[in-house]
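Take a look at the letters that make up each chain.
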Amino acid sequence: MAPPARPVWTGQIRLALVALPVKLYSALDSREKISFNQIHEPSKQRIRYEKVAPGIGAVDKDEIVKGYEYQKGRYVLFSDEEFEALKVDSKKTLDMIQFAPADTIDPIYFDKPYYALPDGKMADEPYRVVVEALKKTKTVGLGQITMRGRSYVAAVKPYENGLVVETVHYAEEIRPAKAFFDDLPNGKLDADLVDLAQELITRKKAKFDPNKFEDEYAIAIERLVKKKIERHGELVLDDQEEPARDYGDNVVSLVDALKKSLSKKSPKATVEDEDEEKPAPKRRAAAEKRKPAARAKAPAKAPAKRAKK
């Protein structure tokens, strides 16, 4: 079955003398999300923007070039041809020149993932060999790739039963964490607090399932757009969230908050505990199911005979 997308890059991944022809497909779903235009409310006309120069007015697109401001109000200008000349030659080879243990690469460096598929039947065997070798060595192949006129660091990683090529940020693209975290307090922590937090985390620990998370804002926007269309543009405010509660000075202590979180759901919940979490109708139904069946009345016992004297 053909992939549900067009390849964004076609070339080869090289492992020494082994050339592996591949096609890269974006692993990110680029389905168009709802976007909005600015509208002039009285006339219901869409707002259009013109490019203007002070004292001149609207200018033609052909008269616009890129400029770099090296001093306040002073620019050096560049033509499109100069930028074209700067583009890196689009090499169609990703040479894996280094292999790093997978757990030594900080996740903050990873950027965009692409699925890499073998290009042609002849590529099937070397493709599977590379996948298996990376899995067994628990390493990531690193090299450089050129896409759309730009050069990127690329990581080749085994994923499920195939390969993923993920672009990697250059070191200068990442802001140093030190500049942000240096002023955080580093005094001694209360061991009991850490234990409570650790217990809460342990109880909620589970394998990551991305399907449990949804873009709630996007869903709310889609719902709002649908209602507006159904109501022919009427104002819709009935689904608005309540304003955030102002807690003032009534702040629960960290210890109390952790203890309360732990007591909400015990690991071994009783049947009664489970019922408390159910809505009232379900609790009643569950209670009815647990009621023992009415016992048939036993026949009245005959009065005991008196012993003869």
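This is a predicted model, so every value here is computed, not measured.

For this particular structure, what's the right way to read the pairing of strand β2 (residues 18-26)?
Consecutive residues of a regular strand have side chains that alternate between opposite faces of the sheet. Strand direction decides the pairing type here: strand β1 (residues 9-15) and β2, joined by seven bridges, are antiparallel. From the neighbouring strand, Thr10 faces β2, where its bridge partner is Lys23. A loop of two residues connects β1 with β2, the two strands running antiparallel in sequence, and Ala16 in this loop sits at a positive phi of about 55°.

It is not clear to me how helix α2 (residues 124-137) should be interpreted in this structure. Could you clarify?
Side chains that are three or four residues apart share a direction in an α-helix, a result of its 3.6 residues per turn. For α2, built from 14 residues, the straight-helix expectation of 20 Å at 1.5 Å per residue is met to within 8% by its first-to-last C-alpha distance of 20 Å. Positive backbone phi, at 50°, marks Lys138, one or two positions downstream of α2.

For this particular structure, what's the right way to read the packing of aromatic side chains?
Aromatic ring pairs are defined here through the distance separating the ring centres and the angle between the ring planes. Within the structure shown, the criterion is met by zero aromatic pairs. Seen from the ring of Phe110, Lys157 lies directly overhead, with NZ or CZ sitting 4.0 Å from the centre.

In this structure, what is going on with the sheet that holds strand β12 (residues 139-147)? I would like to understand it.
Taking strand neighbours across the sheet as the criterion, the eight strands line up as β9-β1-β2-β11-β14-β13-β12-β10 in an open arrangement whose pairing is mixed. Each having just a single partner strand, β9 (93-95) and β10 (98-101) make up the two edges of the open sheet. Strand-to-strand twist across the sheet, computed as the mean angle between neighbouring axes with direction ignored, equals 40°. Contacting β1, β2, β10, β11 (110-118), β12, β13 (150-159) and β14 (162-168), α2 crosses the sheet at an angle of about 70° to β14.

Sorry, what's going on with unusual backbone geometry here?
Most of the time, phi is negative for any residue but glycine, and the peptide bond is trans. Even without a glycine there, the phi angle at Lys44 is positive, about 60°. Tracing the sequence through the fold places Lys44 in the loop between β3 (39-40) and β4 (45-46). Taking the relative accessible area as the measure of exposure, Lys44 reaches 59% and is therefore exposed. With a phi angle near 50°, Lys138 is a residue other than glycine that sits in the positive phi range. Tracing the chain through its elements places Lys138 in the loop between α2 and β12. For Lys138, a relative accessible area of 65% puts it in the exposed group.

Just checking my understanding: could you explain the pattern of salt bridges for this structure?
A pair can form between side chains of opposite charge whenever their charged atoms are brought close. Per the counting criterion, the structure on display carries five salt bridges. For Asp119, the salt bridge is made with Lys23, and the minimal N-O distance between the two is 4.0 Å. With Asp119 in the loop between β11 and α2 and Lys23 in strand β2, this residue pair connects regions lying 96 residues apart in the sequence. Under the relative-accessibility criterion, Lys23 is labelled partly exposed at 27%.

Hey, could you run me through the environment of Leu94 in this one?
Considering the arrangement of structural elements, one finds Leu94 in strand β9. In this view, Leu94 contacts Trp9, Gln12, Ile13, Arg14, Gly143, Gln144, Ile145, Ala154, Val156 and Val165; residues no more than four positions away in its chain are not counted.

For this particular structure, what's the right way to read the nonpolar core?
Soluble globular proteins tend to pack their nonpolar side chains together in the buried interior. Membership of the largest hydrophobic core comes to 21 residues, with the highest contact counts inside it found for Leu24 and Leu163. When contributions to this core are tallied by element, the ones reaching two or more residues are β1, β2, β11, α2, β12, β13 and β14. The element contributing the most residues to this core is α2, with four residues. When sequence neighbours within four positions are dropped, the list of residues in contact with Leu163 reads Leu20, Tyr114, Tyr115, Ala116, Tyr127, Val130, Val131, Leu134, Val156, Lys157 and Pro158.

Procedures and definitions
Residues numbered from 1 in each chain as written. Predicted model: local features only at pLDDT ≥ 70, side-chain atom pairs only at ≥ 80, totals over all residues. Heavy atoms only, no water. Pairing = 2+ DSSP bridges. Helix = DSSP H or I, 4+ residues; strand = E, 2+ residues; numbered from the N terminus. Expected span 1.5 Å × (residues − 1). Phe/Tyr/Trp six-rings, centres within 6.5 Å; stacked < 30°, edge-to-face > 60°. Lys NZ or Arg CZ within 6 Å of the ring centre and 35° of its normal. Axes fitted to C-alpha atoms, helices over the stretch in contact; angles between N-to-C directions. Contact = heavy atoms within 4.5 Å. Buried < 20%, exposed > 50% of the residue type's maximum accessible area, 1.4 Å probe, protein only. Salt bridge = Lys/Arg side-chain N within 4 Å of Asp/Glu carboxyl O. Core = buried A, V, L, I, M, F, W, Y, C linked by side-chain atoms within 4.5 Å.

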